[in-house]
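Fold and geometry: a report
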Amino acid sequence: SLSGLLLAPRLKLDSADLLEAALATASGNLLGIGLGIWSEASTANALGMVSLVGLASTGLGIGAAKLTEYSHTDKVLVGYGTLYGAFLGQQAPKLWVQNDANKLSKHQGAGILWGLGTGSLAAAFAAQYIEYTPKDLGETALGTVASSALGLGLGMMLSADPRLATGMMSGVGLLGTTLS
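1. Some words on a nonpolar patch on the surface
Taken together, the side chains of Leu150, Leu154, Met157, Leu158 and Leu164 define a hydrophobic patch exposed on the protein surface, amounting to about 500 Å² of accessible area. Examining the composition of the nonpolar patch, we find that 4 residues originate from one element, helix H6 (residues 134-158), more than from any other. Counting through the fold element by element, Met157 comes out in helix H6. With a relative accessible area of 67%, Met157 lands in the exposed category.

Dropping the structure here:
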């Protein structure tokens, strides 16, 4: 990934484009680290995942940098997507890890990393195709909170199993975020 960033100046990218490439690289590395930990791969395989995903995201970032522009609102959306991705990533292991606090903690940490990377890349992609105003972002945040609360409440009413509540909160929350 470092080699891609060293190559970027030779491609005549301006500082904003270099920042986009660096964000893509960091996002890919976080995603790779999270996947490596989640998969419980050997150290060598986990490092391979980080390298592969990081290199791919660096290439994507450098390739897309000249084709993309981000307004102030787009940058806020990327930040929001990054944080929301981290939240969803932290919640996801609760769906499959039970009765092992150490494993759950490890997987939640990995989920945060995976979610940071995935959320930032998804939001950066969405920002190129959807025009948002600051008011739209406020409505999206409200939609996230309201739909997540609705999903959590429904999940708790339907079952005593906390996995259903977590899944409903995450799923309905993501749906509400996407639709708002």
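2. Describing the environment of Arg10
Mapped onto the elements, Arg10 comes out in the loop between helix H1 (2-7) and helix H2 (15-38). The exposure class assigned to Arg10 is exposed, which follows from its relative accessible area of 70%. Between the alpha carbons of Arg10 and Leu104 there is a distance of 44 Å; along the sequence they are 94 residues apart.

3. Looking at the pattern of salt bridges
Oppositely charged side chains can pair when the atoms bearing their charge come close. Following the criterion strictly, the structure yields 2 salt bridges and no others. Here Arg163 and Asp161 are joined by a salt bridge, their closest N and O atoms 2.8 Å apart.

4. Some thoughts on the environment of Gly48
Here Gly48 is to be found in helix H3 (residues 43-65). Sequence separation between Gly48 and Ile130 is 82 residues, and the spatial gap between their C-alpha atoms is 34 Å.

5. What to know about the packing of helix H4 (residues 72-91) against helix H7 (residues 162-179)
A pair of packed helices is characterised by two quantities: the angle between their axes and the separation of those axes. Look at H4 against H7: their axes get within 10 Å of each other, and the N-to-C directions meet at 160 degrees. What the angle tells us is that H4 and H7 run roughly antiparallel. By crossing handedness, the relation of H4 to H7 is classed as left-handed. On the side of H4, the interface is formed by Tyr80, Tyr84, Phe87, Leu88 and Gln91, while H7 contributes Thr166, Met169, Ser170, Gly173, Leu174 and Thr177. A per-class count over the contact of H4 with H7 returns 6 nonpolar, 5 polar and no charged.

6. Observations concerning the nonpolar core
Formed by Leu77, Val78, Ala123, Ala124, Ala127, Tyr132 and Leu137, the largest nonpolar core amounts to 7 residues. Every element with two or more residues in this core is listed here: H4 and helix H5 (101-129). The element contributing the most residues to this core is H5, with 3 residues. Non-local contacts of Leu137, meaning those with residues more than four positions away in its chain, are made with Thr73, Val76, Leu77 and Tyr132.

Rules used throughout
Residues numbered from 1 in each chain as written. Predicted model: local features only at pLDDT ≥ 70, side-chain atom pairs only at ≥ 80, totals over all residues. Heavy atoms only, no water. Patch = residues over 30% accessible without salt bridge, like charges linked within 9 Å, V, L, I, M, F, W, Y side chains within 5 Å. Areas by Shrake-Rupley, 256 points an atom, 1.4 Å probe, with all protein chains shown as cover. Salt bridge = Lys/Arg side-chain N within 4 Å of Asp/Glu carboxyl O. Helix = DSSP H or I, 4+ residues; strand = E, 2+ residues; numbered from the N terminus. Buried < 20%, exposed > 50% of the residue type's maximum accessible area, 1.4 Å probe, protein only. Axes fitted to C-alpha atoms, helices over the stretch in contact; angles between N-to-C directions. Parallel < 35°, antiparallel > 145°, perpendicular 65-115°, else oblique. Left-handed = near helix turned anticlockwise from the far one by under 90°. Contact = heavy atoms within 4.5 Å. Nonpolar A, V, L, I, M, F, W, Y, C, P; charged D, E, K, R; others polar. Core = buried A, V, L, I, M, F, W, Y, C linked by side-chain atoms within 4.5 Å.

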